[in-house]
Amino acid sequence: MKGRLLALDVGDRRIGIAVSDPARVIASPHSVYTRVGYSPDVKHIQGLCRELEITQVVCGLPRNMDGSVGFQAEKVMAFAEKLREAGLDVVFQDERLSTVSAHQALIEGGMRREARKGVVDKVAAAVILQQYLDGASSGAPESCNWRSIP
């Protein structure tokens, strides 16, 4: 399956957004959206999907370190349900330590702390998306599709 993917690092205040190339090989940070509420948030994501010709949305699922689904993961799943109800095809990718990886990459790149604040969410979304793409290209099963969430 080809077509661009959109990845979301969903937080309480912000959503980091990343996109793939049409061949689904490379993930790139796109933007950071400041959350307003379910309805405007979903409309924003829908608009991006139309504009960028997105075929599927990958939501980072913040599982606990033991793999269980906690409170934050439940909030992400509730948001993903709203996206699904709006007609978007949504899958999940385990995002444990994606923000840590994003911070480390930005630090290694020499970015100062204040500058990192504005980009870490979209870089984390790119980390999530690249993990998903790498898993798909290796023939590994999807991290988790909509129907496999416990």
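Residues numbered from 1 in each chain as written. Predicted model: local features only at pLDDT ≥ 70, side-chain atom pairs only at ≥ 80, totals over all residues. Heavy atoms only, no water.

Draft legend 1. Looking closely at helix α2 (residues 71-85). Taking 1.5 Å of rise per residue, the 15 residues of α2 would be expected to cover 21 Å, and the 21 Å separating its terminal C-alpha atoms lies within 8% of that figure. Of the positions making up α2, those classed as buried are Ala73, Val76, Met77, Phe79, Ala80 and Leu83. In a view along the axis of α2, the buried residues occupy a sector of 165°, so they form one face of it. Away from its buried face, by an angle of more than 90 degrees, α2 presents the exposed residues Phe71 and Glu85. Those residues of α2 hidden inside the fold are in contact with β1 (4-10), β2 (14-20), α1 (38-52), β4 (54-61) and β5 (90-94). (Helix = DSSP H or I, 4+ residues; strand = E, 2+ residues; numbered from the N terminus. Expected span 1.5 Å × (residues − 1). Buried < 20%, exposed > 50% of the residue type's maximum accessible area, 1.4 Å probe, protein only. Arc of directions from axis to C-beta. Contact = heavy atoms within 4.5 Å.)

Draft legend 2. Highlighting the environment of Gln56. In this fold, Gln56 is placed in strand β4. Overall, the relative accessible area of 6% leaves Gln56 in the buried class. As a C-alpha pair, Gln56 and Leu5 span 51 residues in sequence and 5.2 Å in three-dimensional space. The residues touching Gln56, leaving out its near neighbours within four places in the chain, are Arg4, Leu5, Leu6, Arg24, Asp89, Val91 and Tyr132. Polar contacts involving the side chain of Gln56 include one to the side chain of Asp89, which spans 3.1 Å. (Polar contact = N/O pair within 3.5 Å; in protein donor to acceptor, adjacent residues only side chain to side chain.)

Draft legend 3. Examining α1 more closely. Relative to the 21 Å expected for 15 residues at 1.5 Å per residue, α1 spans 21 Å between its end C-alpha atoms, a close match to the ideal helical length. For α1, the elements touching its buried residues are β1, β2, β3 (27-34), β4 and α2.

Draft legend 4. Here's a closer look at the packing of α1 against α2. At a closest axis distance of 10 Å, the pairing of α1 and α2 adopts a crossing angle of 60°. In the crossing of α1 with α2, the sense of the turn from one axis to the other is right-handed. Mapping the contact onto sequence places Tyr38, Asp41, Val42 and Ile45 in α1 and Lys75, Ala78, Phe79, Lys82 and Leu83 in α2. Tallied by class, residues from the contact of α1 with α2 come to six nonpolar, no polar and three charged. (Axes fitted to C-alpha atoms, helices over the stretch in contact; angles between N-to-C directions. Left-handed = near helix turned anticlockwise from the far one by under 90°. Nonpolar A, V, L, I, M, F, W, Y, C, P; charged D, E, K, R; others polar.)

Draft legend 5. Region of the structure containing the pattern of salt bridges. Overall, the coordinates contain four salt bridges when judged by the stated rule. Here Lys75 ties to Asp12 by a salt bridge, and the two come within 2.9 Å at their closest N and O atoms. Of the two residues, Lys75 is situated in helix α2 and Asp12 in the loop between β1 and β2; the sequence distance between them amounts to 63 residues. Given a relative accessible area of 28%, Lys75 falls into the partly exposed group. Glu81 is paired through a salt bridge with Arg84; the nearest N and O atoms lie 2.8 Å apart. Taken together, the residues Glu81 and Arg84, both in helix α2 and three residues apart, mark about one turn of the helix. Taking relative accessible area as the criterion, Arg84 reaches 37% and is therefore assigned partly exposed. (Salt bridge = Lys/Arg side-chain N within 4 Å of Asp/Glu carboxyl O.)

Take it as geometry only, folks, not as evidence of what the structure does.
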